[in-house]
Number of protein chains: 2
Amino acid sequence: VRETDCCSSPLRAAFLVIGNEILTGKTQDSNTALLAKMLCSVGIRLTCVHIIPDDVDTIIAEVRALSSNFDLVVTSGGIGPTHDDVTVEALAKAFGTTVVIEPSMEKLLRSHFGDRITESHILMARVPAGCDLITVDNPWPTVRLRNVWMLPGIPEIFRSRLSTMHKVLAGSRPFVSHAVFTNIEEADLVPLLNHVVSLFPTIDIGSYPAWNNPDYRTKLTFDGLDENEVSRAMSLFVSGLPEGEPLRTT
Amino acid sequence: VRETDCCSSPLRAAFLVIGNEILTGKTQDSNTALLAKMLCSVGIRLTCVHIIPDDVDTIIAEVRALSSNFDLVVTSGGIGPTHDDVTVEALAKAFGTTVVIEPSMEKLLRSHFGDRITESHILMARVPAGCDLITVDNPWPTVRLRNVWMLPGIPEIFRSRLSTMHKVLAGSRPFVSHAVFTNIEEADLVPLLNHVVSLFPTIDIGSYPAWNNPDYRTKLTFDGLDENEVSRAMSLFVSGLPEGEPLRTT
């Protein structure tokens, strides 16, 4: 992973969500938002999320394409012991390496399960040969192969691995994000918004109408890597609003 | 949209989520699960979800690729009146057509806004020339261009458009889905699971460990288009469990 170059060209990340349970609506994905916030906090831009089935060939094709096209890739899901856990195998194949049992992980599993341990438990120690094992704050390593971080899908464990990733990636300049809430309808803000957008090309300005929300009608967001520019864009917008507006800013 | 051919080759759908707000973690996507469930209920398999920024060129490339590779594509987001709403323009460009103001939609807007109407409001009547306008149960049409359904991102409106889509697509055989809840650890189920998986290649069998859940340890799901096959696979699995198991089935 390269260091962030400068504020105008942040690193770009992709997220590959592996799981039939999301594609059938049995589970609602909550890992994307967690990852997105963590990456924003270290100035990395998440620009692509792909949700795909538990299928080896699909994972291989996606991992190869995303790994080439993005600075950093995160996968989630498919690293348990059952037949539908094929991410380790697919990642190894994608990079022309093999699957091995990692001794340090096997040791942790043996110490956890004791006499109860079976071959199936040991499957959880499978990693692609040549991967990095990262243990910042947790004895169980986070696995990275080249620029691909392999995270589990279960949100509680995903979150703990994000904390490890954050410590490794920290030090970059975070994205700054502010918001303005108004009682004005989105369509009525178009001329003012277009004016601000044209003057601040490096700031991402988003407009989100509320629906049946008594609290406000439109939320505007101002995101960028330069705090000063973000504040100037927001101030220009706010100064163009009528009296009594905005309702609030954050 | 073709009719579902048979239970072994259901139609395949892709979902293109357009929105910086998802990629920055400001909003958690909930539309994927809604769409997935609706498609399952009409026997269509969602096999691909891409979440991308509000960027015209990215949308064009994605729409072209997904429209060619899938029977049906659904987009969400980017169809309001502001600068970050670029889906209509991108969809038109993707298929070499132009953006026009649809008279029936302009009429609805004029009737809704009356004297307050501005040019910005009229932008909400933009559609790609040559699109289908589908009004099953709602005066506001749902827009489809070739095999691409263009839905709004706001979950409440997205849901109402899904109801329109459902009525158009209904008649196909739904996917059947059953689940088994057990107190057995996932790794201990591997031999039995592998046995059932090998005997029922047409059934999607998923295994999901619970985390810190006092209610059960592992949930197994059995999905397919043939109710009889799904039930047989589940029964074979259940018959291999020890006494006192499963906790319950659904």
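The present account deals with the structure reproduced in this document. (Residues numbered from 1 in each chain as written. Chains lettered and ligands numbered in written order. Predicted model: local features only at pLDDT ≥ 70, side-chain atom pairs only at ≥ 80, totals over all residues. Heavy atoms only, no water.)

1. Some words on the overall build of chain A
- If you tally the helices and strands in chain A, you get nine helices and twelve strands.
- Expressed along its principal axes, the backbone C-alpha trace of chain A runs to roughly 70 × 40 × 30 Å.
- Sequence-distant contacts, at least 24 apart, represent 69% of the contacts inside chain A between residues at least 6 apart.
- Carbon and sulfur atoms form 51% of the exposed surface of chain A, whose accessible area is close to 10,900 Å².
- Here chain A contributes 21 positive and 30 negative side-chain charges, whose respective centroids are spaced 5 Å apart. (Helix = DSSP H or I, 4+ residues; strand = E, 2+ residues; numbered from the N terminus. Contact = heavy atoms within 4.5 Å. Areas by Shrake-Rupley, 256 points an atom, 1.4 Å probe, with all protein chains shown as cover. Lys, Arg positive; Asp, Glu negative; His and termini not counted. Charge placed at Lys NZ, Arg CZ, Asp CG, Glu CD.)

2. Overview of the interface of chain B and chain A
- At the interface, 57 residues of chain B touch 57 residues of chain A.
- Surface buried jointly by chain B and chain A totals about 4,500 Å² across both partners, of which 57% is contributed by carbon and sulfur atoms.
- Counting the surface chain B buries against chain A, the share from its top three residues, Lys 26, His 83 and Trp 211 of chain B, is 13%.
- Our count for the contact surface shared by chain B and chain A stands at six salt bridges.
- The salt bridge involving Glu 185 of chain A is made with Arg 116 of chain B; its shortest N-O contact spans 3.2 Å.
- Take the side of chain B that touches chain A: its biggest share by element is seven residues, from strand E2 (residues 45–52) of chain B.
- Taken together, the residues of the side of chain B that touches chain A break down into 25 nonpolar, 19 polar and 13 charged.
- As defined by bridge partners, strand E2 (residues 45–52) of chain A adjoins E2 of chain B across three bridges and the pair is classed as antiparallel. Looking across to E2 of chain B, one finds that His 50 of chain A is bridged to His 50 of chain B. (Buried area = accessible area lost by both parts, 1.4 Å probe. Salt bridge = Lys/Arg side-chain N within 4 Å of Asp/Glu carboxyl O. Nonpolar A, V, L, I, M, F, W, Y, C, P; charged D, E, K, R; others polar. Pairing = 2+ DSSP bridges.)

3. A look at the side chain of His 50 of chain A
- Within the secondary structure, His 50 of chain A is located in strand E2.
- By relative accessible area, which is 8% here, His 50 of chain A ends up buried.
- Engagement of the side chain of His 50 of chain A in a polar contact is seen with the side chain of His 50 of chain B, the distance being 3.4 Å. (Buried < 20%, exposed > 50% of the residue type's maximum accessible area, 1.4 Å probe, protein only. Polar contact = N/O pair within 3.5 Å; in protein donor to acceptor, adjacent residues only side chain to side chain.)

4. A word on the packing of aromatic side chains
- One pass over the full model with this rule turns up six aromatic pairs over all chains.
- In this structure, Arg 248 of chain A packs its charged tip against the face of Phe 181 of chain A, placed 4.0 Å from the ring centre. (Phe/Tyr/Trp six-rings, centres within 6.5 Å; stacked < 30°, edge-to-face > 60°. Lys NZ or Arg CZ within 6 Å of the ring centre and 35° of its normal.)

5. A short note on unusual backbone geometry
- For the bond from Glu 245 of chain A to Pro 246 of chain A, the omega torsion is -5°, close enough to zero to count as cis.
- Here Pro 246 of chain A is to be found in the loop between helix H9 (227–239) and strand E12 (248–249).
- Phi at Arg 146 of chain A takes a positive value of approximately 50°, unusual for a residue other than glycine.
- Note on placement: Arg 146 of chain A falls in the loop between strand E7 (142–145) and strand E8 (148–151).
- Even without being glycine, Asn 212 of chain B reaches a positive phi, approximately 55°.
- For Asn 212 of chain B, the position within the fold is in the loop between strand E10 (204–209) and strand E11 (218–224).

6. Focus: the sheet that holds strand E11 (residues 218–224) of chain A
Residue and element names in this part refer to chain A.
- Spatial strand order, E10-E11-E9-E12: four strands in an open sheet with antiparallel pairing. Bordering the open sheet on either side are strand E10 (204–209) and E12, each of which pairs with just one other strand.
- Of the pairings in the sheet, the one linking E10 to E11 comprises six bridges and is antiparallel in character. The residue of E11 that forms the bridge with Gly 206 is Thr 221.
- Set on the sheet, H9 makes contact with strand E9 (176–182), E11 and E12; between it and E9 the angle comes to about 10°. (Axes fitted to C-alpha atoms, helices over the stretch in contact; angles between N-to-C directions.)

7. A closer look at helix H2 (residues 31–41) of chain A
- Of all the eleven residues making up H2 of chain A, nine are buried; the element is thus mostly covered by neighbouring parts of the structure.
- The inward-facing, buried residues of H2 of chain A abut strand E1 (12–18), E2, strand E3 (72–76) and helix H7 (155–169) of chain A together with helix H1 (20–23) of chain B.

8. Here we look at the relation of the copies chain B and chain A
- Between chain B and chain A, the superposition needs a rotation of 180° and an axial shift of 0.0 Å, giving an RMSD of 0.0 Å. Those values place the two copies in the arrangement expected of a two-fold rotation axis. Minimal C-alpha separation from the rotation axis in chain B is found for His 50 of chain B, amounting to 2.3 Å.
- In this assembly, 100% of the residues forming the interface of chain B have copies in chain A that are likewise at the interface, indicating an isologous arrangement. (Least-squares fit on C-alpha atoms with pLDDT ≥ 70 in both.)

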